[in-house]
Amino acid sequence: MLEPKSLLRLATFALLFSAASYGLSLEQIKSSDVQATMHLEKIVLGSGCFWGAEKRYEALPGVIDAESGYADGKGFKATYRNITAHSRRLDEHNYAEVVQVTYNSNIISVDTLLKNYFESHDPTQKNRQGNDVGTQYRSIVLTTTQQQVTVANALKTKYQAKLTNAGFGVIKTIVKPLAEFFPAEEYHQNYLAKNPNGYCPDHSTGVVFDKTADENIDNSTLFKGKQIVIIDSRSYCPYCEKLKKDVLNDYQGTIALTFRKADQLSGLTIKSATWATPTILFLENGKEVYARQGYVTKEEFYKALGAFKLGDSEAYRVAFSARTDSPFCKQYDIFKNTPDGQFVDKLSGAPLFDTDDRFTSGTGWLSFTNPIGESVTMHEDNSYGMQRIEIRSKSTGIHLGHVFPGEGPEGEDRYCINATVLEFVPRKNS
């Protein structure tokens, strides 16, 4: 099934094709009269670096296209190399990094679009957004209709009152008619799609036009023991969504995982910058122990979590350096006679082995005839001059042990597993 935006674009292309079928040239199709008939409007928005902004606008229902580019400058050719030159950092004639947004005004109003614009950055900063400093990063709205001018100025006044109440300064956003838009170089278009492992800059103030349910966030639970906090974006962030899909949605670990916006960290002791989304914070008793900015792979996330949860321990060395528990270790003695239940990955909480498949091998290591489903992966292991089959957790990639074909009861396989990398979950009574 096509996504709503794809359907919207198909509908727009159909309208263009229909216009062409009546003998209209490409230039006529692009004319303001034809675009008005199709309810297409353009507005150019500057809110700092255009990479994240482009993707954010494209995600809004009703937006047909978002194109990175340059506008509101003069005296030289508008190129990325030129506008970012150190000599133009304070040049009032420098071009601004902007995004030209083409939208269907029947689907998304300019009011909705501009509310999203103001809320997605800090309009009180002049010629900068966060660590990006220079005139090219100025906050600016370049209009193509009188309605856009009226709405932009009205929202600017309304937002100023809200920002003032929240302790922010004066809005520096410029509102003026668009003179000319210059598309950015091809490598800047759809930049986030071309650079899949990164972060979205989020310099939003947290002040919104309409009240939301999350205004009064309670952080009291985040001061208790170890916690994982993910700094999420207030608007669409592809890296945040990718991290959720690839890593976080399957997390079932015992350390609680909580999502917060950058302005929802009240009372916590955070050392790292919080303007990049996603940012992963590992906290202990409300204080940051470690942080990681941007998208991380499943392997990177669990290695960081392993260091945070396991510390300098035998369990960490087993998990990430393929070490082996001592036979008849303390954890083995605890796990060899548990009630019915499942043994899960110590980091992800994913089920790995069931007590129904456990047997006593006499070796001093937990032994099973089978894993649960496809929860483990097998790998060739020729270390120490031996030929063995290594077993790893599919969810985290940590080392679990080895499988020895035919060494189990009645010739079944024996999965020889290190107890220190497991946790036990009793079976719930049905």
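To start, this report covers the structure provided alongside it. (Residues numbered from 1 in each chain as written. Predicted model: local features only at pLDDT ≥ 70, side-chain atom pairs only at ≥ 80, totals over all residues. Heavy atoms only, no water.)

## Structural notes on the packing of helix 6 (residues 110–119) against helix 7 (residues 146–165)
Then comes step 1: Running from amino to carboxyl end, helix 6 crosses helix 7 at an angle of 45°, the nearest separation of the two axes being 10 Å. Comparing the axis directions of helix 6 and helix 7 gives the class oblique. The hand of the helix 6/helix 7 crossing is right-handed. Along its contact with helix 6, which presents Val110, Asp111, Leu114, Lys115, Phe118 and Glu119, the element helix 7 presents Gln147, Gln148, Val151, Ala152, Leu155, Lys156 and Tyr159.
Then comes step 2: Classifying every residue of the contact of helix 6 with helix 7 gives seven nonpolar, two polar and four charged. (Axes fitted to C-alpha atoms, helices over the stretch in contact; angles between N-to-C directions. Helix = DSSP H or I, 4+ residues; strand = E, 2+ residues; numbered from the N terminus. Parallel < 35°, antiparallel > 145°, perpendicular 65-115°, else oblique. Left-handed = near helix turned anticlockwise from the far one by under 90°. Contact = heavy atoms within 4.5 Å. Nonpolar A, V, L, I, M, F, W, Y, C, P; charged D, E, K, R; others polar.)

## Some details on the nonpolar core
Then comes step 1: Residues Ile228, Phe301, Leu305, Phe353, Leu400 and Leu422 are the most contacted members of the largest nonpolar core, which totals 43 residues.
Then comes step 2: If one sorts the elements of this core by residue count, helix 10 (residues 298–310) sits on top with six residues.
Then comes step 3: Non-local contacts of Leu305, meaning those with residues more than four positions away in its chain, are made with Ile228, Tyr251, Ile255, Phe282, Leu310 and Leu347.
Then comes step 4: Core analysis: the next-biggest nonpolar cluster, separate from the first, contains 33 residues, Leu45, Phe50, Ala53 and Val151 among them. (Core = buried A, V, L, I, M, F, W, Y, C linked by side-chain atoms within 4.5 Å. Buried < 20%, exposed > 50% of the residue type's maximum accessible area, 1.4 Å probe, protein only.)

## What to know about the packing of aromatic side chains
Then comes step 1: Throughout the structure, instances matching the rule amount to 20 aromatic pairs.
Then comes step 2: Look at Phe118 and Phe209: their rings are 6.5 Å apart centre to centre, the planes differ by 65°, and that puts the pair in the edge-to-face class. Of this pair, Phe118 sits in helix 6 while Phe209 sits in the loop between strand 9 (200–201) and strand 10 (226–231), placing them 91 residues apart in sequence. Here the two residues Phe118 and Phe209 agree in accessibility, since each one is buried.
Then comes step 3: On the numbers, 6.2 Å between centres and 55° between planes, the contact of Phe353 with Tyr415 is tilted. Of the two residues, Phe353 is situated in strand 16 (residues 351–354) and Tyr415 in strand 22 (residues 414–417); the sequence distance between them amounts to 62 residues. Each member of the pair Phe353 and Tyr415 is classed as buried.
Then comes step 4: Every member of this aromatic cluster is reached through a ring pair, and the members are Phe335, Phe343, Phe353, Phe368, Tyr415 and Phe424.
Then comes step 5: Across the ring face of Phe76, the terminal group of Arg88 is positioned such that the distance to the ring centre comes to 3.6 Å.
Then comes step 6: Its end group placed over the ring of Phe259, Lys244 keeps NZ or CZ at 5.4 Å from the ring centre. (Phe/Tyr/Trp six-rings, centres within 6.5 Å; stacked < 30°, edge-to-face > 60°. Lys NZ or Arg CZ within 6 Å of the ring centre and 35° of its normal.)

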